[in-house]
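# Structural overview
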Amino acid sequence: AAPRVDDGFPGGAERDVSSTTTDIFTAYDYSGGWEVPGTILEISYDAASRGADVQFLSCYPRARALLLPPFCMFSTRRVEQRGHQPSIQCSPPVK
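Residues numbered from 1 in each chain as written. Predicted model: local features only at pLDDT ≥ 70, side-chain atom pairs only at ≥ 80, totals over all residues. Heavy atoms only, no water.

In spatial order, the strands read 1-4-3; together these 3 strands make up an open sheet with antiparallel pairing. The open sheet terminates on both sides in strands that have one partner only, identified here as strand 1 (18–21) and strand 3 (52–53). Sheet analysis places strand 3 next to strand 4 (residues 65–68), joined by 2 bridges and oriented antiparallel. When the bridges of strand 4 are listed, Asp53 appears paired with Leu66. (Pairing = 2+ DSSP bridges. Helix = DSSP H or I, 4+ residues; strand = E, 2+ residues; numbered from the N terminus.)

Structure, rendered in structure tokens:
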């Protein structure tokens, strides 16, 4: 079962840049597909907290990649189970 927001899940931070995508199909491909266990982070961005668009540098421009800075943390807003995968809706705090 997917962790609930009120379960006190501590989260974590990546020590390096993180790559993410704005394309849901790319996200599911990287997580192993629609029918296998994996986790999808649905990140709400705004102008102050979005990652760096690196699509123009990518060998795979259809992936619509964004890079997030090192030690980027997220605030969890909601957790839903979608098929075999939990979907964690979160937003990066603006500092």
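Additional details are given in the paragraphs that follow.
Once that is clear, we can look at the state of the cysteines. Applying the stated rule across the entire model yields 0 disulfides. Cysteine Cys72 shares no disulfide, and the gap to the nearest cysteine sulfur, in Cys90, comes to 9.0 Å. By relative accessible area, Cys90 is classed as buried at 1%. (Disulfide = S-S within 2.5 Å. Buried < 20%, exposed > 50% of the residue type's maximum accessible area, 1.4 Å probe, protein only.)

Here we come to the sheet that holds strand 2 (residues 40–43). One open sheet holds the 3 strands; their spatial order is 2-6-5, and the pairing between them is mixed. The open sheet terminates on both sides in strands that have one partner only, identified here as strand 2 and strand 5 (75–82). Averaged over all neighbouring strand pairs, the angle between strand axes comes to 25°, with direction disregarded. One ladder, built from 4 bridges, connects strand 2 with strand 6 (residues 85–91); its direction is parallel. What sits directly across from Ile43, in strand 6, is Cys90. (Axes fitted to C-alpha atoms, helices over the stretch in contact; angles between N-to-C directions.)

Turning our eyes to something else, we now look at the environment of Arg78. Counting through the fold element by element, Arg78 comes out in strand 5. You can call Arg78 partly exposed: its relative accessible area is 45%. Distance in space between the C-alpha atoms of Arg78 and Glu42 is 9.6 Å, their sequence separation being 36 residues.

Moving on, we come to the pattern of salt bridges. For the structure shown, the criterion picks out 1 salt bridge. Between Glu80 and Arg78 there is a salt bridge, and its shortest N-O distance comes to 2.2 Å. (Salt bridge = Lys/Arg side-chain N within 4 Å of Asp/Glu carboxyl O.)

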